[in-house]
Amino acid sequence: IIESTPTAAAAFTTRTGTQIEAALPGTVANGDGFFQSILNLATGAGRDITLTAGTGVTVVGDAVVDAQDADGNVATGMFFYRRSAANTFIVYRVA
């Protein structure tokens, strides 16, 4: 879980596919994956967080986690990282 309160628009870049693979168990196979959540605690316009892809990673879907709304509801993004080949991951926005 990543929790952040940006004071301006922010870009969070994933680790590279090679770095992600190195952090996973040696038995990781194509199709295996994991979830990551990003919580944006910022308020006000222009304080969105955008998930950007490191080398060997592709982000699919809405990569922007908006700032909180006027009622103070924390904005969240849930992403699923799926291994598609050695050192290669596709990140899907699932919520």
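The present account deals with the structure reproduced in this document. (Residues numbered from 1 in each chain as written. Predicted model: local features only at pLDDT ≥ 70, side-chain atom pairs only at ≥ 80, totals over all residues. Heavy atoms only, no water.)

1. Side note on the nonpolar core
Argument step 1. Among the nonpolar cores identified, the biggest contains 13 residues, and Ile38, Leu51, Val65, Phe79, Tyr81 and Val91 are the most heavily contacted of them.
Argument step 2. At the level of elements, β4 (49-52), β7 (75-85) and β8 (88-93) are the ones that each hand at least two residues to this core.
Argument step 3. Among the elements that make up this core, the one with the highest residue count is β7 (three residues). (Core = buried A, V, L, I, M, F, W, Y, C linked by side-chain atoms within 4.5 Å. Buried < 20%, exposed > 50% of the residue type's maximum accessible area, 1.4 Å probe, protein only. Helix = DSSP H or I, 4+ residues; strand = E, 2+ residues; numbered from the N terminus.)

2. What to know about the pairing of β7
Argument step 1. In this structure, strand β3 (residues 33-40) lies alongside β7, joined through eight bridges in antiparallel fashion. Note on β7: the bridge partner recorded for Phe35 is Phe80.
Argument step 2. Of the pairings in the sheet, the one linking β7 to β8 comprises six bridges and is antiparallel in character. Bridging from a neighbouring strand, Phe79 pairs with Arg93 of β8. (Pairing = 2+ DSSP bridges.)

3. Focus on the packing of aromatic side chains
Argument step 1. Across all of its chains, the model carries two aromatic pairs by this definition.
Argument step 2. Between Phe34 and Tyr81, the ring centres sit 4.7 Å apart and the planes meet at 15°, which makes this aromatic pair stacked. Pair noted here: Phe34 is in strand β3 and Tyr81 is in strand β7, with a separation of 47 residues, a long-range link.
Argument step 3. Classification of Phe34 by relative accessible area gives partly exposed; the value is 27%.
Argument step 4. The exposure class assigned to Tyr81 is buried, which follows from its relative accessible area of 3%. (Phe/Tyr/Trp six-rings, centres within 6.5 Å; stacked < 30°, edge-to-face > 60°.)

4. Let's talk about the sheet that holds strand β5 (residues 57-60)
Argument step 1. Here five strands make up an open sheet; going across it, the order is β1-β3-β7-β8-β5 and the pairing mixed. Of all strands in the sheet, those bounded by a partner on one side alone are β1 (2-4) and β5. Within this sheet the neighbouring strands show an average axis-to-axis angle of 20°, counted without direction.
Argument step 2. Relative to β3, β1 is paired through three bridges, and the arrangement is parallel. From the neighbouring strand, Glu3 faces β3, where its bridge partner is Leu39. (Axes fitted to C-alpha atoms, helices over the stretch in contact; angles between N-to-C directions.)

5. A few points about the pairing of β4
For a regular strand, side chains alternate in direction, first toward one face of the sheet and then toward the other.
Argument step 1. Only one face of β4 is buried: it carries Ile49 and Leu51, and the other face, with Thr50 and Thr52, is open.
Argument step 2. The sheet contact formed by strand β2 (residues 10-13) and β4 spans four bridges and is parallel. Counterpart to Ala11 in the pairing with β4 is Thr50.
Argument step 3. In this structure, β4 lies alongside strand β6 (residues 64-65), joined through two bridges in antiparallel fashion. By the bridge assignment, Thr50 is partnered in β6 with Val64.

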